[in-house]
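Listed below, chain by chain, are the residues.
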Amino acid sequence: MSLTLHVAGDRWRAHLRSVAERHPGLVPVCKGNGYGLGLARLARKAQWLGVDAVAVGTYAEVGEIATRFDGSMVVLTPWRPFGPALDVTDDDALADRIVHTVSRVEDLDALLARRPDARFVLERLTSMQRHGLAARELWAAARALHEHPRARLEGVAMHLPLAQGSHLSQMQRLMTDVVGAELPEGPGARTVWVSHLTDAELETLRGEYPDFVLRPRIGTALWLGDREALTVTATVLDVHAVERGDAFGYRGRTAPKAGHLLVVSGGTAHGIGLEAPTGELDLRGRAGTLARGGLDALGFVRSPFSIDGKQRLFAEPPHMQASMLFVPAGARVPAVGERIDVRVRFTTTRVDAVEID
Ligand SMILES: *Cc1c(COP(=O)(O)O)cnc(C)c1O
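Residues numbered from 1 in each chain as written. Predicted model: local features only at pLDDT ≥ 70, side-chain atom pairs only at ≥ 80, totals over all residues. Heavy atoms only, no water.

Student: How would you sum up unusual backbone geometry? Please name residues and give values.
Tutor: Unusually for a residue other than glycine, Tyr35 sits at a positive phi of about 55°. Assessed through its relative accessible area of 6%, Tyr35 is described here as buried. Here His196, not a glycine, exhibits a phi torsion of approximately 60°, which is positive. Along the chain, His196 falls in the loop between strand E8 (191–195) and helix H8 (199–208). The exposure class of His196 is partly exposed, given its relative accessible area of 36%. (Buried < 20%, exposed > 50% of the residue type's maximum accessible area, 1.4 Å probe, protein only. Helix = DSSP H or I, 4+ residues; strand = E, 2+ residues; numbered from the N terminus.)

Student: Pulling in residues and values, what's your account of the domain arrangement of the protein chain?
Tutor: Domain boundaries assigned for the protein chain yield domain 1 (8–223) and domain 2 (227–356). Its C-alpha centre places domain 1 at a distance of 39 Å from the equivalent point of domain 2. With twelve residues of domain 1 at the interface, the matching set in domain 2 holds eleven residues. At the boundary of domain 1 with domain 2, total buried surface from both sides reaches about 960 Å², with 62% on carbon and sulfur atoms. Contact with domain 2 buries area across many residues of domain 1, yet Arg11, Asn33 and Arg41 alone supply 38% of it, more than any other trio. Summed over the shared surface of domain 1 and domain 2, the number is zero salt bridges. Of all the secondary structure elements, the ones that give two or more residues to the side of domain 1 that touches domain 2 are helix H1 (9–22) and helix H9 (220–223). By residue number, the principal contributor to the side of domain 1 that touches domain 2 is H1, which donates four residues. Along the lines of polarity and charge, the residues of the side of domain 1 that touches domain 2 split into five nonpolar, four polar and three charged. (Domains from an automatic or database assignment. Contact = heavy atoms within 4.5 Å. Buried area = accessible area lost by both parts, 1.4 Å probe. Salt bridge = Lys/Arg side-chain N within 4 Å of Asp/Glu carboxyl O. Nonpolar A, V, L, I, M, F, W, Y, C, P; charged D, E, K, R; others polar.)

Student: Can you lay out the sheet that holds strand E9 (residues 213–218) for me, pointing to particular residues and giving the numbers?
Tutor: Pairing in this closed barrel of eight strands is parallel, and the strands run E2-E3-E4-E5-E6-E7-E8-E9 around the ring. Taken pair by pair, the neighbouring strands of this sheet meet at an average axis angle of 30°, ignoring direction. Where strand E5 (residues 98–102) meets strand E6 (residues 119–124), four bridges bridge the pair, whose relative direction is parallel. Its bridge partner lying in E6, His100 is registered against Phe120. (Pairing = 2+ DSSP bridges. Axes fitted to C-alpha atoms, helices over the stretch in contact; angles between N-to-C directions.)

Student: Go over the packing of H1 against helix H2 (residues 39–49), please, and point to the residues and values.
Tutor: For the pair H1 and H2, interaxial distance at closest approach is 11 Å and the crossing angle is 60°. Considered as vectors, H1 and H2 are oriented oblique to each other. The crossing of H1 and H2 is right-handed. On H2, the residues touching Trp12, Arg13, Leu16, Arg17 and Ala20 of H1 are Arg41, Lys45, Trp48 and Leu49. Its residues assigned to classes, the contact of H1 with H2 shows five nonpolar, no polar and four charged. (Parallel < 35°, antiparallel > 145°, perpendicular 65-115°, else oblique. Left-handed = near helix turned anticlockwise from the far one by under 90°.)

Student: With reference to specific residues and values, describe the site of the ligand.
Tutor: Taken together, the residues surrounding the ligand are Val29, Lys31, Tyr35, Leu76, Arg130, His159, Ser195, His196, Arg217, Ile218, Gly219 and Thr220. Contacts to the ligand include Thr220, whose side-chain N or O atom sits 2.7 Å from an oxygen atom. The protein chains hide 89% of the 390 Å² of surface that the ligand would expose on its own. With respect to the detected pockets, the ligand is housed in the largest pocket. (Near = heavy atom within 4 Å. Polar contact = N/O pair within 3.5 Å; in protein donor to acceptor, adjacent residues only side chain to side chain. Areas by Shrake-Rupley, 256 points an atom, 1.4 Å probe, with all protein chains shown as cover. 1 Å grid on protein atoms, 1.4 Å probe; cavity = no way out; pocket = protein on both sides within 12 Å on 5 of 7 lines; lining within 4 Å. Sits in = over half its atoms within 2 Å of the grid points.)

Student: Now, about the packing of aromatic side chains: what can you tell me, with residues and values included?
Tutor: Under the criterion given, the structure shown has four aromatic pairs. Each ring, one from Phe305 and one from Phe314, has its centre 6.2 Å from the other, and the planes form 80°; the classification is edge-to-face. We classify Phe314 as buried; its relative accessible area is 2%. If you follow Arg17 out to its NZ or CZ, it ends over the ring of Trp48, 4.2 Å from the centre. (Phe/Tyr/Trp six-rings, centres within 6.5 Å; stacked < 30°, edge-to-face > 60°. Lys NZ or Arg CZ within 6 Å of the ring centre and 35° of its normal.)

Student: Give me the pattern of salt bridges: which residues, what numbers.
Tutor: Applying the stated criterion across every chain yields a total of 18 salt bridges. For Asp10, the salt bridge goes to Arg13, with nearest N and O atoms at 3.0 Å. Taken together, the residues span about one helical turn, with Asp10 and Arg13 both in helix H1 at a distance of three residues. Asp10 sits in the exposed class, given a relative accessible area of 61%. A residue is classified by how much of its surface remains accessible, and Arg13, at 24% relative accessible area, is partly exposed. The closest approach of N and O atoms between Arg332 and Asp308, which form a salt bridge, is 2.8 Å.

So this is what it looks like as structure tokens:
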């Protein structure tokens, strides 16, 4: 009765292992909806992989990970002197396992005032311009740290954009800042946590900075990197034959021609949207999608559901937990109970069940 994510277990686990083997120092990213697989499952898999650290998105996510993974948890959302960061900072049971991200000099002072032996990374601002210290601020933080002998610096973190050309020249500039910062001696002064570098870029940088340990944070390419191992299906819940002109749905719209209405599991609460995921990220691409084929000749919108390999149309906008599809006369009509394929964007989909075989 559900929107179900099927995982080809052996294949998926083999992929996870191979990513871990190819990425020494791997930091699996466990955040959000758990990349469609759920945070708890990712935490258990990180434990199974045997990594010493994972990255979680927010302080609110720490609890769900902490009971299933027993290593360190780097919180990607930078520490601020307010909100749930403070509860986690004050939790003595977690203190040795949490690695805070510090992205402002004043937050370093505030964090260390609260917990003088806090573990943390200093985030360096990148071309992402999301969070982080500018070069001068990194140097100021390094100077401040010399006054805090108990502080546990775990490294410098950098969040790079999704690859648009090479990251190498930017990384080389950022590494120069790290070298020049004169961070207090220790492994933290020579550890850099990075995202979105290609394997070749990592290898090049390791060659250029042999004294440094590079720790790649990987989410999508780890958990979702072998798409063939993951399929999502919906269940056909009801089928109604309609003639041209028959009214249906919340809005009493009439069928433009004869066919069948299919009620299938999966609606807005699962993240099923009106627009089928296209993989086109930019606005121009999206506008193009709508203009090209958003509406078909019958005035229906393409859905992410497909039957016998053919993408079907929404008969009306998705409901909260189900969707109505239109199957024109002549096409095979699936039976109630049959499972049909759904193309989803994993990071925005909440499935009802995950089946691993
Ligand atoms: C989400 C995130 C990642 C992982 O990104 P993927 O594209 O899923 O691999 C790495 N670093 C930071 C800071 C992030 O927010």
